[in-house]
Amino acid sequence: MNTQQPLAERMRPKHLDEYVGQTHLVAAGAVLRKAVESGRLPSMILWGPPGVGKTTLAHIISQQLDRQFYTLSAINSGVKDVREVIEKARKTQFFDTKNPILFIDEIHRFSKSQQDSLLGAVEHGTITLIGATTENPSFEVISPLLSRCQVYVLKSLEKKELQLLLHRAIQHDTLLQSMNIDIREDEALMRFSGGDARKLYNVLEIVIHAQSGNDSIVITNDIVVSSLQQNIAMYDKDGEQHYDIISAFIKSIRGSDPNAAVYWLARMLEGGEDITFIARRMLILASEDIGLANPNALLLAQTCFEAVKVIGMPESRIILSQAAVYLATSAKSNSTYLAIDEAIRLVQETGNLPVPLHLRNAPTKLMKELQYGKEYKYSHDYKGNFVQQDFLPKEISGKAFWKSGTNQREEELKKYMQKLWQSKYEF
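What you are looking at is a predicted structure, and each value in this text was computed from that prediction instead of being measured.

**Some points on the pairing of strand S3 (residues 101-105)**
Buried residues dominate S3, accounting for four of its five residues. In this structure, strand S2 (residues 69-73) lies alongside S3, joined through five bridges in parallel fashion. What sits directly across from Ser73, in S3, is Asp105. For S3 and strand S4 (residues 128-133), the ladder comprises five bridges, and the chain directions are parallel. Counted as the bridge partner of Phe103 is Ile130 from S4. Handedness of the crossover joining S3 and S4 through helix H6 (residues 112-123) is recorded here as right-handed.

Below, the structure is given as structure tokens:
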């Protein structure tokens, strides 16, 4: 083992049985593990935060399936590089040869033309594509390519998984085995790792390096904090602080602090962050955290998103600041966010409940004979354009998903809904 490599690289697992986390994908009987074990591997997009094992998983899959493995980084690869890899893959194709895997890290950074260059090879099975992304592929991957891939969502690692990785490194890494490492507290290690295995190992190395020359390495919360304060990195739009600072920015807006929001915005702009990334996050927040308390927030966030794509920097700093301050100073509500999540939970629990007959469409004579749509009441035929009737399946009639938030506008909506529905729903 090369002890000059970073700890995270030295500890990279070689087999699915050594892989920590993502049990919903790789545990026995899980969807991705079954695909690997069957040998029928689809092209896929691995979507998740940094340090959760996307690259590692791609390597393990190629090794277990004994597939030739090509890798490209979207940061420094172009269409020419993609075509060269596809041509190499074609030349290795024989009757019984397994198609190679092409792994593209940060595939969300590929332009449309770069992604277009992959389509034919993916569709014809010349390669099996594994793309890794930290961004929502629905926004960043073109529809024709996305439709040809399975999307697997990877989650941040839990505390018990990080602790397992920590003790595995101390017990099995050649270099760390030779040290006397005493972990008295691990809360700070867990907190600063933020569910990121690579960050955990990086923090551990920093703490160990800070005590180099000592007979023993002692790890406490105070020592971890002190060691990291002496090794603060500049903002890196491709690195770890990218995720920490956008998190601080979003939480400041959610917490109605325009001053903090503008500060974190300035940190990102000075670090060269992608302005459309910032605007997109505000667009999501406008619906998730403000919602019905101020519906105009979504419109302004959408306008901001479109504007910065046209204007560019440095002028977009003004547009982003206006949007950030507006969102921060808006009343907050997550009622619609909670409503859809509750509805999805119930759908998953109850399955495909039948649509009530009076709500069904009746385009054919047979459907009319079966009384599709017969008892439906057309709202505009009634006073106030409203009449009470059931719109939910009878099994969940009266179930309330949306409950008003505690803000002026939603209080008014609540009173209106109560006037219409009276005691049917609890708004």
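**Regarding the packing of aromatic side chains**
The geometry of two aromatic rings is summed up by the distance between their centres and the angle between their planes. Tallied over the entire structure, the rule returns seven aromatic pairs. The interplanar angle of 75° and the centroid separation of 5.4 Å between the aromatic rings of Trp421 and Tyr425 together place this pair among those described as edge-to-face. Of the two residues, Trp421 and Tyr425, neither departs from the other in class, the shared state being buried. An aromatic cluster is defined as three or more aromatic residues linked by ring pairs; in this entry it consists of Phe386, Phe391, Trp402, Trp421, Tyr425 and Phe427. A cation over a ring is seen here: Arg191 above Phe192, with NZ or CZ 5.0 Å from the ring centre.

**A look at the pattern of salt bridges**
Summed over all chains, the structure comprises 20 salt bridges. Its salt-bridge partner being Glu135, residue Arg281 comes within 3.4 Å of it at the nearest N-O pair. Remark: Glu135 occurs in the loop between S4 and helix H7 (137-140) and Arg281 occurs in helix H16 (residues 275-290); sequence separation between them is 146 residues. Relative accessible area serves as the criterion here: at 25%, Arg281 is assigned to the partly exposed category. You can call Glu135 buried: its relative accessible area is 7%. Among the salt bridges present, the one from Arg254 reaches Asp289, with a minimum N-O distance of 2.9 Å. Separated by 35 residues along the polypeptide, Arg254 in helix H14 (residues 240-254) and Asp289 in helix H16 bring together distant segments of the chain.

**Comments concerning the environment of Leu189**
Here Leu189 is to be found in helix H11 (residues 187-193). C-alpha of Leu189 to C-alpha of Leu200: the two residues are 11 residues apart in sequence and 6.6 Å apart in space. With near-sequence residues (within four places) excluded, Leu189 lies in contact with Leu166, Leu200, Val203, Leu204, Ile219 and Val224.

**Section: the packing of H16 against helix H18 (residues 316-329)**
Between two packed helices, both the angle of their axes relative to each other and the distance between the axes serve to describe the pair. In the contact formed by H16 and H18, the axes pass within 11 Å of each other and the chain directions differ by 15°. Overall, the two elements H16 and H18 adopt an arrangement that is roughly parallel. Crossing of H16 against H18: the hand is left-handed. On the side of H16, the interface is formed by Ile275, Ile278, Ala279, Met282, Leu285, Ala286 and Ile290, while H18 contributes Ser316, Leu320, Ala323, Ala324 and Leu327. Of the residues contributing to the contact of H16 with H18, the split by class is 11 nonpolar, one polar and no charged.

**Topic: the nonpolar core**
By size, the foremost hydrophobic cluster in this structure holds 28 residues, and its most contacted members are Phe249, Ile253, Ile278, Met282, Leu320 and Leu327. Ranked by residue count, the leading element in this core is H16, at nine residues. Every residue in contact with Ile278, bar those within four places of it in the chain, is listed here: Phe249, Leu265, Met268, Leu269, Glu273 and Leu320. Grouped together as the second largest cluster of nonpolar side chains are 26 residues, Leu7, Leu157, Leu162 and Leu204 included.

The rules behind these values
Residues numbered from 1 in each chain as written. Predicted model: local features only at pLDDT ≥ 70, side-chain atom pairs only at ≥ 80, totals over all residues. Heavy atoms only, no water. Buried < 20%, exposed > 50% of the residue type's maximum accessible area, 1.4 Å probe, protein only. Helix = DSSP H or I, 4+ residues; strand = E, 2+ residues; numbered from the N terminus. Pairing = 2+ DSSP bridges. Right-handed = clockwise from strand over helix to strand, strands pointing away. Phe/Tyr/Trp six-rings, centres within 6.5 Å; stacked < 30°, edge-to-face > 60°. Lys NZ or Arg CZ within 6 Å of the ring centre and 35° of its normal. Salt bridge = Lys/Arg side-chain N within 4 Å of Asp/Glu carboxyl O. Contact = heavy atoms within 4.5 Å. Axes fitted to C-alpha atoms, helices over the stretch in contact; angles between N-to-C directions. Parallel < 35°, antiparallel > 145°, perpendicular 65-115°, else oblique. Left-handed = near helix turned anticlockwise from the far one by under 90°. Nonpolar A, V, L, I, M, F, W, Y, C, P; charged D, E, K, R; others polar. Core = buried A, V, L, I, M, F, W, Y, C linked by side-chain atoms within 4.5 Å.

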